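# Residue-level structure breakdown
The residues making up each chain are set out below.
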2 protein chains.
Amino acid sequence: MTGQMTAQPPAHADLYPTRTGGEFLLMPREDRVVHGAPGDGPLDAAELERFGGAGYLTFGDFVTPAEVDEFRAELARMSADPRVRAAESTIVETSSQEVRSIFDVHRSSEVFARIAHDPRLVDRARQILGTDVYLHQSRVNAKPGFGGGDFFWHSDFETWHAEDGMPRMRAVSISISLTRNHSFNGPLMIMPGSHTTYVSCGGATPQDNYKASLMMQGAGTPNPAALTQLADRHGIDVLTGEPGSAVMFDCNCMHGSNGNISPYPRSNLFFVYNSVENTLVEPFSAARRRPEFLGARDFTPIP
Amino acid sequence: MTGQMTAQPPAHADLYPTRTGGEFLLMPREDRVVHGAPGDGPLDAAELERFGGAGYLTFGDFVTPAEVDEFRAELARMSADPRVRAAESTIVETSSQEVRSIFDVHRSSEVFARIAHDPRLVDRARQILGTDVYLHQSRVNAKPGFGGGDFFWHSDFETWHAEDGMPRMRAVSISISLTRNHSFNGPLMIMPGSHTTYVSCGGATPQDNYKASLMMQGAGTPNPAALTQLADRHGIDVLTGEPGSAVMFDCNCMHGSNGNISPYPRSNLFFVYNSVENTLVEPFSAARRRPEFLGARDFTPIP
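About the cut-offs
Residues numbered from 1 in each chain as written. Chains lettered and ligands numbered in written order. Predicted model: local features only at pLDDT ≥ 70, side-chain atom pairs only at ≥ 80, totals over all residues. Heavy atoms only, no water. UniProt positions renumbered as here; feature names shortened; annotations may be inferred. Contact = heavy atoms within 4.5 Å. Buried area = accessible area lost by both parts, 1.4 Å probe. Salt bridge = Lys/Arg side-chain N within 4 Å of Asp/Glu carboxyl O. Polar contact = N/O pair within 3.5 Å; in protein donor to acceptor, adjacent residues only side chain to side chain. Helix = DSSP H or I, 4+ residues; strand = E, 2+ residues; numbered from the N terminus. Buried < 20%, exposed > 50% of the residue type's maximum accessible area, 1.4 Å probe, protein only. Least-squares fit on C-alpha atoms with pLDDT ≥ 70 in both. Phe/Tyr/Trp six-rings, centres within 6.5 Å; stacked < 30°, edge-to-face > 60°. Lys NZ or Arg CZ within 6 Å of the ring centre and 35° of its normal. Pairing = 2+ DSSP bridges.

- Chain A goes by Ectoine hydroxylase in an unreviewed UniProt entry, where it is assigned to Myceligenerans crystallogenes.
- Regarding chain A, the UniProt comment filed under Function (unreviewed entry) reads as follows: "Involved in the biosynthesis of 5-hydroxyectoine, called compatible solute, which helps organisms to survive extreme osmotic stress by acting as a highly soluble organic osmolyte. Catalyzes the 2-oxoglutarate-dependent selective hydroxylation of L-ectoine to yield (4S,5S)-5-hydroxyectoine."
- Entered under Catalytic activity (unreviewed entry) in the UniProt record, the comment concerning chain A runs "L-ectoine + 2-oxoglutarate + O2 = 5-hydroxyectoine + succinate + CO2".

### Describing the interface of chain B and chain A
- Each partner contributes to the interface: chain B provides 25 residues, whereas chain A provides 25 residues.
- Summing both sides of the interface, chain B and chain A together bury roughly 2,000 Å²; the carbon and sulfur share of this comes to 68%.
- Of all residues in chain B, Phe146(B), Phe184(B) and Ile261(B) give up the largest surface area on contact with chain A, accounting jointly for 34% of the area buried on that side.
- On inspection of chain B and its partner chain A, the count reaches zero salt bridges.
- Between the two partners, chain B and chain A, sit 10 residue pairs in polar contact (both at pLDDT 80 or more).
- Among the secondary structure elements, those contributing two or more residues to the side of chain B that touches chain A are strand E6 (151-154), helix H9 (224-234) and strand E12 (255-257) of chain B.

### Brief notes about helix H6 (residues 119-129) of chain B
All names here are of chain B.
- Taken together, the buried positions of H6 are occupied by Leu121, Val122, Arg124, Ala125, Gln127, Ile128 and Leu129.
- The opening residue of H6, the one whose side-chain oxygen lies 2.7 Å from the backbone nitrogen of Arg120, is Asp118.
- Of the residues flanking the end of H6, it is Gly130, one or two places downstream, whose phi is positive at about 75°.

### Quick look at the relation of the copies chain B and chain A
- The two copies are related by a screw operation: chain B maps onto chain A through 180° of rotation and 0.0 Å of translation along the axis, at an RMSD of 0.0 Å. Both copies are brought into coincidence by an operation consistent with a two-fold rotation axis. In terms of C-alpha distance to the rotation axis, chain B has Gly259(B) as its closest residue, with the C-alpha 2.9 Å off the axis.
- A high fraction, 100%, of the interface residues of chain B reappear at the interface in chain A, so the copies pair face to face through one surface.

### So, the environment of Phe293(A)
Residue and element names in this part refer to chain A.
- Relative to the assigned elements, Phe293 resides in the segment after strand E13 (266-275).
- On the basis of relative accessible area, Phe293 is assigned to the buried category, the value being 8%.
- Sequence separation between Phe293 and Glu23 is 270 residues, and the spatial gap between their C-alpha atoms is 31 Å.

### Notes on the pattern of salt bridges
- Tallying each qualifying case throughout the model produces 36 salt bridges over all chains.
- Notably, a salt bridge pairs Glu74(A) with Arg77(A), separated by 3.0 Å at the nearest N-O pair. Of this pair, Glu74(A) and Arg77(A) both sit in helix H2 (residues 65-80), three residues apart, which is roughly one turn of that helix.
- A salt bridge links Asp164(B) to Arg290(B); the nearest nitrogen and oxygen atoms lie 2.8 Å apart. Linking Asp164(B) in helix H7 (residues 156-164) with Arg290(B) in the segment after strand E13 (266-275), this pair joins segments that are 126 residues apart in sequence. Accessibility classification places Asp164(B) together with Arg290(B) in one group, the buried group.
- Overlapping salt bridges bring together Arg19(A), Glu158(A) and Glu163(A) as one network.

### Examining the packing of aromatic side chains
- Enumeration according to the criterion identifies 18 aromatic pairs over all chains in this entry.
- Each ring, one from Tyr16(B) and one from Phe157(B), has its centre 5.2 Å from the other, and the planes form 85°; the classification is edge-to-face. Of this pair, Tyr16(B) sits in the segment before strand E1 (25-28) while Phe157(B) sits in helix H7, and the two are 141 residues apart along the sequence.
- Residue Tyr16(B) is classed as buried on the basis of its relative accessible area of 0%.
- By relative accessible area, which is 0% here, Phe157(B) ends up buried.
- Connected via pairs of aromatic rings, a cluster forms that spans Tyr16(A), Phe157(A) and Tyr198(A).
- It is Arg124(A) that lies over the ring of Phe59(A); its NZ or CZ is 4.7 Å from the centre.
- Above the plane of the ring of Phe270(B) lies Arg139(B), whose end atom (NZ or CZ) is 4.2 Å from the centre.

### Topic: the sheet that holds strand E12 (residues 255-257) of chain A
Residue and element names in this part refer to chain A.
- Strand order in the open sheet formed by four strands is E6-E12-E8-E10, and the pairing between neighbours is antiparallel. The open sheet is flanked by strand E6 (151-154) and strand E10 (237-238), the only strands paired with a single partner.
- Alignment of strand E8 (residues 188-190) against E10, held across two bridges, turns out to be antiparallel. Across the sheet, Ile190 pairs through a bridge with Asp237, a residue of E10.

### Overview of the environment of Asn141(B)
Residue and element names in this part refer to chain B.
- Structurally, the position occupied by Asn141 is in strand E5 (residues 133-143).
- Relative accessible area serves as the criterion here: at 5%, Asn141 is assigned to the buried category.
- For Asn141 and Arg85, which are 56 residues apart along the polypeptide, the C-alpha to C-alpha distance reads 14 Å.
- The residues contacting Asn141, other than those within four sequence positions of it, are Leu75, Arg100, Ser101, Arg266, Ser267, Asn268 and Phe270.

### Details of the environment of Val99(B)
Residues and elements named next belong to chain B.
- Along the chain, Val99 falls in strand E4 (residues 99-103).
- Among the residues examined, Val99 registers a relative accessible area of 9% and is labelled buried.
- With sequence-adjacent residues up to four places away left out, Val99 is seen in contact with Ser79, Arg85, Thr90, Ile91, Val92 and Ala142.

### Looking at unusual backbone geometry
- The backbone of Phe146(A) shows a phi angle near 55°, a positive value even though the residue is not glycine.
- Here Phe146(A) shows up in the loop between strand E5 (133-143) and E6.
- Positive phi outside glycine occurs at Arg19(B), with the angle close to 55°.
- One can find Arg19(B) in the segment before E1.

### A short note on the pairing of strand E7 (residues 171-177) of chain A
Residue and element names in this part refer to chain A.
- Burial runs high along E7: seven of the seven residues are buried.
- Of the two faces of E7, the one carrying Ala171, Ser173, Ser175 and Ser177 and the one carrying Val172, Ile174 and Ile176 are both buried.
- Note: E7 against E13, seven bridges, orientation antiparallel. Across the sheet, Ser175 pairs through a bridge with Phe270, a residue of E13.
- In this structure, E7 lies alongside strand E11 (residues 246-250), joined through five bridges in antiparallel fashion. Along E11, the bridge assignment pairs Ser175 with Val247.

The structure is reproduced here in structure tokens:
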């Protein structure tokens, strides 16, 4: 008689398959959104409830005007530094030669490292995720006016899962505005509540997809039918706010931004905190890992 | 002794030079904005004052829901008609084969002719312009979602003056929404009060400029310095509203619209009324006239 074996799931079963060459699918989220309680950090019960329901929270005066000035000066300094401009982790627009994004700023800038490790950010991230956290990605963005391009709808988690090997939905992003976000200069748009649905994308990941997708998107882009269903169900919130305001949002929020013909550019800091219980494995839907400035493999918890 | 001759301005002196190969210039408007009084039509004193100051007025329930349905059905019918699709006055997007604009609809459609001649529109236009009016241009637009393009800042009058030979600023446009205008689906943006400043544009008009400029803009586009000055001085209004709402705006308003990544397309009717005292002459800054579907030469007053 043969012994019976209980089927064990593999160590990193793919709960969120995507880019498997098949159809686009809407799937339920398998992970909790809010892990902590009101006593565990600065967010009160109402804020935790709002984050759980909408998938995001906004904060009016998250940093001081003096800090905004300091961050803008640091962005200007880095954008003018030939070594920074030449780095692979810096995205320079070919036509204008202007710096659009600088990644990994928590490692390359003392000023940005300090805010990335600031309790105002880290304590909130720990409270939402219920564990210690580490920095999965950081960047500073400068988005131009007079025809700056759009950023199509996407879930960050889908990319981090497919291309970076992030196993579960247990990461949050915090974005700090360095300029005013009007409704008309291409502000962040979020479909509130969309974080509870996973859009499994069709197609497959082309090799070195990130090089193209940093400038424009391809693989990992939801199809019109999925987006229409999500928008009809959840609506679209337009996140306006003053310099120094911030938004904290779940890794699986469906979000994007329109282009900007106004004269007013936008810039912001962007930090992604991942739970130390959710560290990266091998990519789930890509032949090889992206560079570490996009998906960090230093999982050291923030002290 | 020689007799003295008083210098006479030529019959159509160019009060609004543009595209003369020189610099961009901000020039004052030389023409009145509001010619009529409260007793002359449906607009009351407060509305006339608002139009004079901001250069535009909005109306919440300008047409009925049944009319909106009728207009949408007529747009769908025309967009499917092979003869309409093949006409030079119809703009079909090459990649999607979808109809984007149909011009001259007050002559090609009984339904649209009726609304173009409706007293709700015509009486308001006559009141603002202080004379009988005729239709300079008409069109119906279908603007897609999921990445529909932007329309850069411009003054309609600059084009009508340069390319159609409209002598003075004495025309108004009325746009009727057939869909909901959210802040996030590329609604009309106007710089309120900008109609009192004329932006004389640099460069020159390329031959058959209209063929390119119907899809994307080139000549007649203000430069960043002019736009920044106007936006800083006047601000930017985002015109949201329900289907059936309308906006009436002066021919020299600086306006544009951002792109639209949302799932929600926009469509609208657009009619331009010109004063019978402001009929077209030869183009001021183009080698030849544009086709009549863009700048009508039938100056018959609307009865």
